[in-house]
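This is what each chain is made of:
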Amino acid sequence: MLCSQSTWQQKLEVAPGAQRLTAMESYPHTVSINVPPPGRYEAAPPCPMATAFGRVEAPGLRREPRDFVLWSYFNTLFCCNPLCLGFIALVFSIKARDEKIARQPLLAGKYGKTAMYLNIAAFVLGVLLIIVTLVLLFLYVSSLHYIT
């Protein structure tokens with residue numbers, strides 16, 4: 001709803017004994033721009049409005065879904081297991097990032113959660129594989145020592 005000119009004139013009335021400032025003398029004004037924090041999606045408010053006096057919050061702020069790309073890169077490069085779970089997690093992480101960029105938070109969350117579970121499995125299997133390999137290597141070296 002737009003304000004009429006008479007409403008604006010009522011707001012600009014000056015108290016008795018005060019000086020009236022022209023438009024240029026009243027500058028600089030303090031203006032606040034309300035921006036949602038990074039990493040959050042914002043649903044449109046029912047009646048969008050901007051004020052310089054208070055914060056306008058949109059209902060339904062949600063956290064941005066995570067994509068776990070760095071963790072997937074780590075698992076792909078260092079936790080090599082025969083099932084290639086790190087690479088599969090990397091594929092789901094990239095899908096999650098693509099959906100996040102396309103503003104599809106539900107799909108991004110789904111792909112991100114799948115990537116997280118695959119990363120956990122790849123990390124655990126990779127650590128177990130390294131431990132088993134080290135134990136077998138130690139047993140093999142110790143058996144060679146006793147033979148000679």
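Note that the structure is predicted; figures quoted are calculated from it, not measured.

A. Expanded view of unusual backbone geometry. At Cys 84, a residue that is not glycine, the phi angle is positive and equals roughly 55°. In this structure, Cys 84 sits in the loop between helix 2 (69-78) and helix 3 (85-101). One non-glycine residue, Arg 103, adopts positive backbone phi at about 60°. Counting through the fold element by element, Arg 103 comes out in the loop between helix 3 and helix 4 (105-147). With a relative accessible area of 54%, Arg 103 lands in the exposed category.

B. Structural detail: the side chain of Asp 67. Along the chain, the position of Asp 67 falls in the loop between strand 2 (62-63) and helix 2. Once residues lying within four places of it in the same chain are set aside, the contact partners of Asp 67 are Ser 93, Ala 96, Arg 97, Lys 100 and Ala 115.

C. Looking closely at the packing of helix 2 against helix 4. Axis separation between helix 2 and helix 4 bottoms out at 10 Å; the angle between their running directions is 30°. Classified by the interaxial angle, the pair formed by helix 2 and helix 4 is roughly parallel. Two packed elements cross with a definite hand, and for helix 2 against helix 4 that hand is left-handed. Residues Trp 71, Ser 72, Phe 74 and Asn 75 of helix 2 lie in contact with helix 4, whose contacting residues are Met 116, Asn 119, Ile 120, Ala 122 and Phe 123. For the contact of helix 2 with helix 4, the per-class residue count stands at six nonpolar, three polar and no charged.

D. Main features of the packing of helix 3 against helix 4. The N-to-C vectors of helix 3 and helix 4 enclose an angle of 160°; their axes lie 8 Å apart at closest approach. What the angle tells us is that helix 3 and helix 4 run roughly antiparallel. For the pair helix 3 and helix 4, the crossing hand works out as left-handed. Judged by residue contacts, Leu 85, Gly 86, Ile 88, Ala 89, Phe 92, Ser 93, Lys 95, Ala 96, Glu 99 and Lys 100 of helix 3 engage Leu 107, Ala 108, Tyr 111, Gly 112, Thr 114, Ala 115, Leu 118, Asn 119, Ala 121, Ala 122 and Leu 125 from helix 4. The residue inventory of the contact of helix 3 with helix 4, partitioned by class, reads 13 nonpolar, five polar and three charged.

E. Representation of helix 2. Restricting attention to buried positions, one finds in helix 2 the residues Val 69, Ser 72 and Asn 75. Considered in projection along helix 2, the buried side chains sweep an arc of 125° and stay on one side of the axis. Across from the buried face of helix 2, at angles greater than 90 degrees, the exposed residues are Leu 70, Leu 77 and Phe 78.

F. Up close: the side chain of Ser 93. Of note, Ser 93 is situated in helix 3. In this structure Ser 93 touches Asp 67, Phe 68, Val 69, Ser 72, Ala 115 and Asn 119, once residues within four positions along its chain are discounted.

Basis of the calculations
- Residues numbered from 1 in each chain as written.
- Predicted model: local features only at pLDDT ≥ 70, side-chain atom pairs only at ≥ 80, totals over all residues.
- Heavy atoms only, no water.
- Helix = DSSP H or I, 4+ residues; strand = E, 2+ residues; numbered from the N terminus.
- Buried < 20%, exposed > 50% of the residue type's maximum accessible area, 1.4 Å probe, protein only.
- Contact = heavy atoms within 4.5 Å.
- Axes fitted to C-alpha atoms, helices over the stretch in contact; angles between N-to-C directions.
- Parallel < 35°, antiparallel > 145°, perpendicular 65-115°, else oblique.
- Left-handed = near helix turned anticlockwise from the far one by under 90°.
- Nonpolar A, V, L, I, M, F, W, Y, C, P; charged D, E, K, R; others polar.
- Arc of directions from axis to C-beta.

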